[in-house]
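# Chain and residue survey
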Amino acid sequence: MRSALHAEWTKLRTSPGTLGLALAVIVSTVGSSAAVAAATGCAPGGCGQDLTRLSLTGVQVGQAVVAVLAVLVIGDEYSTGMVRVTLTALPRRTTVLAAKAVVVAGVVAVTAVPAVLGSLTVGWFILPGHEVVPRAAVGSVLYLVLIGLLGLGTATAARNPAAASGIVLGLLYVFPIIAQVVTDPGWRRHLQQAGPMSAGLAVQATGDVDAVPIGPWQGLGVLTLWALAALLTGGLLLARHDA
Amino acid sequence: MITVHGLRKRFRGTVALDGMTFAVRPGQVTGFVGPNGAGKSTTMRVILGLDRADAGDALIDGHPYRGLRDPLRHVGSLLDAAALQPGRTARNHLLWLAHSQGLTARRVDEVLDQAGLRAVARRRAGGFSLGMRQRLGIAAALLGDPPALLLDEPFNGMDPEGIVWMRRLLRALAAEGRAVLVSSHLMSELQETADHVVVVGRGKVIADAPVAHLLATAPGARRATLEDVYLALTRDEVEFRAVDPARAR
Amino acid sequence: MNAFGQVLRAEFTKFRTVRGWVVAAVAAAGATILLGLLPGMQGSCGRNGPGSECAPTLGPGGEVVVDSFAFAHRPLTGDGSITVRVTSLTSRLLDPGPDGPPPDDGSPHEASAREAATPGASPRGSRPAVVPWSKAGLILKAGTAQSSSYAAVLVTGGHGVRMQYDYTHDRAGTPGTVSTDSPRWLRLTRTGDTVAGAESPDGTTWTTVGSVRLAGLPPTVEAGLFTTSPQHAERVGGSLGAGTTGGPTEATGTFDHLLVRDEARSAGAPGQVARPAWEGENVGMPGPAPQVPGGDLERAGGVFTVTGSGDIAPAVAGAAGIGVSLARTLAGTFVMLLVVTVVSTGFITAEYRCGLIRTTLTASPRRGRLLAAKAVVVGAVAFVTGLVAAAVAVVLGQRVLRGNGVYVHPATTPTELRVIVGTAALLAVAAVLALGLGTLLRRGVTAVATAVAVIVLPYLLAMTVLPDGAARWLLRVSPAAAFALQQTATQYPQVANLYTPANGYFPLAPWAGFGVLAGWAALALGTAAVLLRRRSA
């Protein structure tokens, strides 16, 4: 496992796209958070909105980049055929996936911390005077890490980076869109509880926690289940299939 | 030593391997030949644990590949020279492989030298010619200083100088006591390089003999080449055959 | 067959022989249809026995209207005028029932009338609020039946004095709110078919707000005082998981100095002494009707109040309105958009990945022509699949929604056709844009990620995440602007509602939005063609 980790880390470090994507995560997250905060012109502390959550809106944009980064970690190997070289060097396939998962989680976490802190700082400067809830910040970092794992698992299962990024983005955004058009409030709530994005982002809610369809940590739990399911499916297919 | 015993595999109705059995002995270059679709690549992929056989086993010194710890220290292989991420430099490609086996960067530089890639080590592998990619693949195969090597079509895309280098390298590796399996369609090259030949067709071994023995027992002429022997052996095993241009007239 | 035809044919063969692409296209069409049918799971129209049918009535102009208010009225024959002073207009938010905020779907009776069933009594909590479009004033109406022709002059909670008539028309008078310190005098005068509305700060200096001809007015109309207050809706959280909240509101108008001048009566038979009786009535809303002491407000002469809930306005779809628009059946379009984007990008990047592009360019060396052929193929495939999916989703989706008791705003056949063909065209041009990006970037993953980020993400973000201002901006400049093609609902400034993209209101006109996408596609394809010619393969 140690050598697998070392190898995966070297691989990610020397891949030309990684640094750019990591920067893109930070820029897109902070940038869109700032844009949203600026667009919401309301009196300090007095617009009845969940300001911590508002200044973390960029996470919902940055997650798309995180997903692409994670998909590329294995997807690019499938598309170049290098996955066979990898599996020749490291025949224990679950170890390979585990090592990739650790590296992805680490890189995403390291990227997410400045992205989230940057968003909160910018939000605090634009809409000063609101209390920043630590749970929302820590939760957002965990959220992005889990999105990364979801992307990795999906890409491992799909074996095609283009299809995988399509599937992950579809999975993330299909629930909120459907939840918006579903007329039945009960169903709408269920959809928001089940969707990886709508449930996972409940961790950002700081104001009226009851107004959110699912509790903050339960919501993150739902996303964890999604990520685990994706990794498990990917792991099983990787172990079963001929490379 | 690599031993392959009774391998069988089907892909959606077509039989790829049908009881493939042979051994690759140390100190020899073993040629692995057969028509397209005879099962050469599948066999190599099964040996390397990339594909699973439906029956039979392929062992490296008595162990299945997937059970090896740091497998590149046991078997070095080159399957598809194009299988690398184009954006990474040659050196970094070898570096992550080295790290996966607990090897250091120094070893990377050694094999880069050995493959004659020192000058281009920091260039993106995506810009390499096929011949240079083959050299990079060889460097990767040598990385773990393995006692056995598995090379699929290593002469492909090599310039004449490269072919000479490859021939010498294979001889030298065998002379060091390593087991070397080389698949190729270039019979003239194998006649010069290989000590032993395994001829396969339709998923089975047709002939498994020393090159000298095959040449000696060839029917007809004294000047028989390995190519003649091969064509005679595989006459009935070829799946796809073009109409002989001479007869088509 | 000409040269272009040959390349076209070759490219189409290339497309249809990749099983994954064909499967993806068919699956995406299926998913789009399914998602179009899914939303109509529950509504209340016609589900709670007879009388619960949602049948919003058609106004004089043929559009769907809402017409519910508290009305104290008397008949007025021939020419005449009615004058009153309004001294206050207050509103309250009625807390929604125990079953949470009312769904922003097609249950108008639930949404407005049922909640208004108990105005004044307020068994539930309520709190004072400013409802900008609450209304109190004078109205002349063809009859007390809903959706009949009318003219009204009124004060509002936040938009000053207005003259409104026949539901869709609105003219502004003096801004400002009313209070006992600054009351407003209002007057409606009928002369033949013409009704003039006037206002005055003191009852002596009058300003005409508007004068309109109402052709459909019968000789005898109902004239009187009315109060109404529309559904309130606001976006909470500005972000996901919260959505919209709102509920019914109720307004109370305080009136005095009521004066009716009846030309027919003053000029007519001297023997007729008694004035026509005043009646209190709730039009289109249940609950206790306005009190009319002694059946004669004029004689009462004092101060009286009218409390009402509802609106007299065109019906809109969305949070504060009733029902849903046609576009809701096409909620699954983005799935197709996603697949079309991924497949079209891959149609060219797959060639670069395996070096097939060299074979292709050897076979068809005219690169511009090759790119055009590819664009035609992906565009046509996207168009045809999109057309089938959209047609089925719109036709079946409406049926499912209505069958499940959701009110769907009717659209004319040309509008329906525009939505269906527009959706197909949107997908086709998006496919061309994706192909252009794929050609520019060549590397599969980068290209797919970029194409998805440029084409699909803006729509998803605008619909789910971004606050209204940012969403509308994005839907003006990004390729997602083309979703305006799915717009069927009209925005009325005089109707309070959340005109958000999520409710089917787009900032651009349909074909203008399409133009934005087409511009992007032309730019990408043009640049791609130039680069493809210059670059070595």
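Since we're looking at a predicted model, the values are computed, not measured.

Cut-offs used in this document
Note that residues are indexed from 1 along each chain, following the sequence as it is written. Here every chain gets a letter starting at A, and every ligand a number starting at 1, in the order they are written. Local features in this predicted model are restricted to residues of pLDDT 70 or higher, and side-chain atom pairs are both shown and tallied only at a pLDDT of 80 or more, whereas totals for entire chains, interfaces and linings draw on every residue. Only hydrogens and water are set aside; all other atoms, that is, all heavy atoms of the structure, feed into the side-chain values. What counts as a helix is a DSSP run of H or I of at least four residues, what counts as a strand is a run of E of at least two, and both are numbered from the N terminus. Only protein chains enter the accessibility calculation, which uses a 1.4 Å probe; a residue is then buried when its area is under 20% of its type maximum, exposed when over 50%, and partly exposed in between. Note on contacts: a residue pair qualifies if any of its non-hydrogen atoms lie within 4.5 Å across the two residues. In short, Shrake-Rupley with a 1.4 Å probe defines the accessible areas, and a residue's cover is counted only from the protein chains shown. Each axis is a line fitted through C-alpha atoms, and for a helix only the stretch in contact is used; angles between axes span 0 to 180 degrees, taken between their N-to-C directions. By the definition adopted for this analysis, an angle is roughly parallel if under 35 degrees, roughly antiparallel if over 145, roughly perpendicular if from 65 to 115, and oblique otherwise. Here a crossing is taken to be left-handed if its near helix is turned anticlockwise relative to the far helix by less than a right angle, and right-handed if that turn runs clockwise. Buried area: the sum, over both parts, of the accessible surface (1.4 Å probe) that disappears when the two are put together. In what follows, salt bridge is the name for a side-chain nitrogen of Lys or Arg lying within 4 Å of a carboxyl oxygen of Asp or Glu. Definition of a polar contact: a pair of N or O atoms within 3.5 Å, with one able to donate and the other able to accept a hydrogen when the atoms are protein atoms, and with sequence-neighbouring residues admitted only if both atoms are side-chain atoms. In this classification, the charged set is Asp, Glu, Lys and Arg, the nonpolar set is Ala, Val, Leu, Ile, Met, Phe, Trp, Tyr, Cys and Pro, and all remaining amino acids, among them Gly, are polar. Only buried residues count toward a nonpolar core. Its members are Ala, Val, Leu, Ile, Met, Phe, Trp, Tyr and Cys residues joined through side-chain atoms within 4.5 Å. UniProt positions are given in the numbering used here, feature names are shortened, and annotations may be inferred rather than shown by experiment. Only four residue types enter the charge count: Lys and Arg as positive, Asp and Glu as negative, with His and the chain ends excluded. When DSSP finds two or more bridges between a pair of strands, those strands are recorded as paired. For every residue, the pLDDT score states the predictor's confidence, bounded by 0 at the bottom and 100 at the top. When the centres of two rings from Phe, Tyr and Trp lie within 6.5 Å, Trp using its six-membered ring, the rings pair. Their planes under 30 degrees apart give stacked, over 60 give edge-to-face, and anything left gives tilted. Only when the NZ atom of a Lys or the CZ atom of an Arg is both within 6 Å of the ring centre and within 35 degrees of the ring normal do we say a charge sits over the ring.

This next bit is on the overall build of chain A. When helices and strands are tallied, chain A shows 11 helices and zero strands. When its helices and strands are written in sequence order, chain A yields α-α-α-α-α-α-α-α-α-α-α. Counting across all 243 residues of chain A, residues that qualify as buried make up 63%. If you take every contact in chain A between residues at least 6 apart in sequence, the share linking residues at least 24 apart comes to 78%. Total accessible area on chain A is roughly 8,400 Å²; 70% of this is exposed by carbon and sulfur atoms.

Within chain B one finds nine helices and 10 strands. Per-residue burial over chain B gives 52% buried out of 249 residues. Within chain B, contacts between residues at least 6 apart in sequence are counted, and of these 67% link residues at least 24 apart. Counting every atom, chain B has about 11,400 Å² of accessible surface; 49% of that belongs to carbon and sulfur.

Our focus in this paragraph is the packing of helix 6 (residues 333-353) of chain C against helix 10 (residues 444-464) of chain C. Residue and element names in this part refer to chain C. At a closest axis distance of 9 Å, the pairing of helix 6 and helix 10 adopts a crossing angle of 155 degrees. With respect to their mutual orientation, helix 6 and helix 10 come out roughly antiparallel. For the crossing formed where helix 6 meets helix 10, the hand is right-handed. Across the interface between the two elements, Phe-334, Leu-337, Leu-338, Thr-341, Val-342, Thr-345 and Thr-349 from helix 6 touch Gly-444, Ala-447, Val-448, Ala-451, Val-452, Ile-455, Val-456, Tyr-459 and Leu-460 from helix 10.

Now for the interface of chain B and chain A. In this assembly, 33 residues from chain B lie in contact with 30 residues from chain A. Counting each side, the surface lost to burial between chain B and chain A is near 2,500 Å², with a carbon and sulfur contribution of 55%. Linking chain B to chain A there are two salt bridges. The shortest N-O distance in the salt bridge between Asp242(A) and Lys9(B) comes to 2.8 Å. Where chain B packs against chain A, one counts 12 residue pairs in polar contact (both at pLDDT 80 or more). The set of elements that each furnish at least two residues to the side of chain B that touches chain A consists of strand 1 (2-11) and helix 2 (90-100) of chain B. For the side of chain B that touches chain A, the leading source of residues is helix 2 of chain B, giving seven residues. The residue makeup of the side of chain B that touches chain A, split by class, is 14 nonpolar, 11 polar and eight charged.

Moving on, we come to the nonpolar core. Residues Tyr143(A) and Tyr173(A) are the most contacted members of the largest nonpolar core, which totals 229 residues. Residues contacting Tyr173(A), with those up to four places away along its chain left out, are Gln60(A), Gln63(A), Ala64(A), Met197(A), Phe334(C), Leu457(C), Leu460(C), Leu461(C) and Thr464(C). Membership of the second largest hydrophobic core comes to 37 residues, among which are Val86(C), Leu138(C), Leu140(C) and Val178(C).

Quick look at the UniProt feature "transmembrane region" (unreviewed entry) in chain A now. Here the UniProt feature "transmembrane region" (unreviewed entry) sits at residues 54-75, 96-126, 132-155, 162-182 and 217-239 of chain A. Measuring from the first to the last C-alpha atom of residues 96-126 of chain A gives 44 Å, for a span that is 100% helix and 0% strand.

Residues and elements named next belong to chain C. Assignment of secondary structure puts Asp-166 in the loop between strand 6 (161-165) and strand 7 (169-172). No salt bridge forms around the buried Asp-166; measuring N to O, its nearest opposite-charge neighbour Lys-141 is 7.7 Å away. Only 2.8 Å separates the side chain of Asp-166 from the side chain of Ser-149, close enough to count as a polar contact. Those residues in contact with Asp-166 that lie beyond four places of it in its chain are Pro-60, Ser-149, Tyr-150 and Leu-214.

Residues and elements named next belong to chain B. Judged by how many residues are buried, helix 1 (residues 40-47) sits mostly within the fold: seven of eight residues are covered. Of all the positions in helix 1, only Lys-40, Thr-42, Thr-43, Met-44, Arg-45, Val-46 and Ile-47 are classed as buried. One or two steps after helix 1, the chain reaches Gly-49, where phi turns positive at roughly 75 degrees.

Through backbone hydrogen bonds, the strands of a sheet pair up, either in parallel or in antiparallel fashion. All names here are of chain B. Across the sheet, four strands lie side by side as 2-1-4-5; this open sheet has antiparallel pairing. On the outer flanks of this sheet lie strand 2 (14-24) and strand 5 (63-64), each paired with one strand and no other. Here strand 1 runs beside strand 2; their pairing, made up of eight bridges, is antiparallel. Note on strand 2: the bridge partner recorded for Lys-9 is Leu-17. Sitting on the sheet, helix 1 touches strand 1, strand 2 and strand 4 (55-60), and the angle it makes with strand 1 is about 115 degrees.

For Asp145(B), which is not glycine, the phi torsion reads 50 degrees and is therefore positive. Structurally, the position occupied by Asp145(B) is in the loop between helix 4 (130-142) and strand 7 (148-152). Given the relative accessible area of 46%, Asp145(B) is considered partly exposed. Its identity is not glycine, yet Ser147(C) carries a phi of approximately 65 degrees, on the positive side. In this fold, Ser147(C) is placed in the loop between strand 4 (135-141) and strand 5 (150-156). Owing to a relative accessible area of 14%, Ser147(C) belongs among the buried residues under this scheme.

What follows deals with the environment of Gln63(A). Residue and element names in this part refer to chain A. Position of Gln-63 among the secondary structure elements: in helix 4 (residues 59-80). Between the C-alpha atom of Gln-63 and that of Leu-144, which follows or precedes it by 81 residues, the distance is 6.1 Å. Beyond its immediate stretch of four places on either side in the chain, Gln-63 contacts Tyr-143, Leu-144, Ile-147, Leu-172, Tyr-173 and Met-197. Of note is the side chain of Gln-63, whose polar atom sits 3.4 Å from the side chain of Tyr-173.

A few words on the pattern of salt bridges. Residues and elements named next belong to chain B. Per the counting criterion, the structure on display carries 29 salt bridges over all chains. Its salt-bridge partner being Arg-91, residue Asp-109 comes within 3.0 Å of it at the nearest N-O pair. Placement of the pair is Asp-109 in helix 3 (residues 105-114) and Arg-91 in helix 2, with a sequence separation of 18 residues. When its relative accessible area of 13% is taken as the criterion, Arg-91 is described as buried.

Now for the confidence of the model for chain B. Confidence along chain B averages 88 in pLDDT terms, with 94% of residues attaining 70 or more. When pLDDT is averaged over each helix and strand of chain B, the minimum, 57, is found for helix 9 (residues 245-248) of chain B and the maximum, 95, for strand 8 (residues 179-183) of chain B.

With that settled, consider the packing of aromatic side chains. All names here are of chain C. Enumeration over the complete set of coordinates arrives at 11 aromatic pairs over all chains. In textbook terms, an aromatic cluster arises when at least three aromatic residues are bridged by ring pairs, as seen for Phe-15, Trp-21 and Phe-347. In this structure, Arg-187 is placed above the aromatic ring of Trp-206, and the distance from its NZ or CZ to the ring centre is 4.2 Å.

This next bit is on the environment of Gly17(A). Summarising the element assignment, Gly17(A) is placed in helix 2 (residues 16-39). As for Gly17(A) and Leu72(A), which are separated by 55 residues in sequence, their C-alpha atoms are 9.1 Å apart.

Residues and elements named next belong to chain B. Here six strands make up an open sheet; going across it, the order is 6-7-8-3-9-10 and the pairing mixed. Because the sheet does not close on itself, it has two edges, and the strands there are strand 6 (75-78) and strand 10 (204-210). Neighbour-to-neighbour, the strand axes of the sheet open up by a mean angle of 15 degrees, direction not taken into account. Summarising the sheet, strand 3 (residues 28-33) and strand 8 pair through five bridges and their orientation is parallel. Bridge pairing links Val-29 to Val-180 in strand 8.

Residues and elements named next belong to chain C. Mapped onto the fold, Glu-222 is located in strand 11 (residues 220-228). The spacing of Glu-222 and Thr-77 is 145 residues in sequence and 8.6 Å in space, taken between C-alpha atoms. Of note is the side chain of Glu-222, whose polar atom sits 2.6 Å from the side chain of His-73.

Next up on the list: the pairing of strand 9 (residues 194-200) of chain C. Each regular strand carries side chains that alternate between the two faces of the sheet. Residues and elements named next belong to chain C. The buried fraction of strand 9 is high, at five of seven residues. When strand 8 (residues 184-191) meets strand 9, the two strands line up antiparallel, connected through seven bridges. Bridging from a neighbouring strand, Leu-188 pairs with Gly-197 of strand 9. Relative to strand 10 (residues 207-213), strand 9 runs antiparallel, the two sharing six bridges. Within strand 10, the position partnered with Thr-194 by the bridge is Arg-213.

It is worth spelling out the side chain of Ser165(A) at this point. Within the secondary structure layout, Ser165(A) lies in helix 8 (residues 161-181). Exposure remark for Ser165(A): the relative accessible area of 6% places this residue in the buried category. Apart from the residues lying within four places of it in its own chain, the contact partners of Ser165(A) are Val71(A) and Val448(C).

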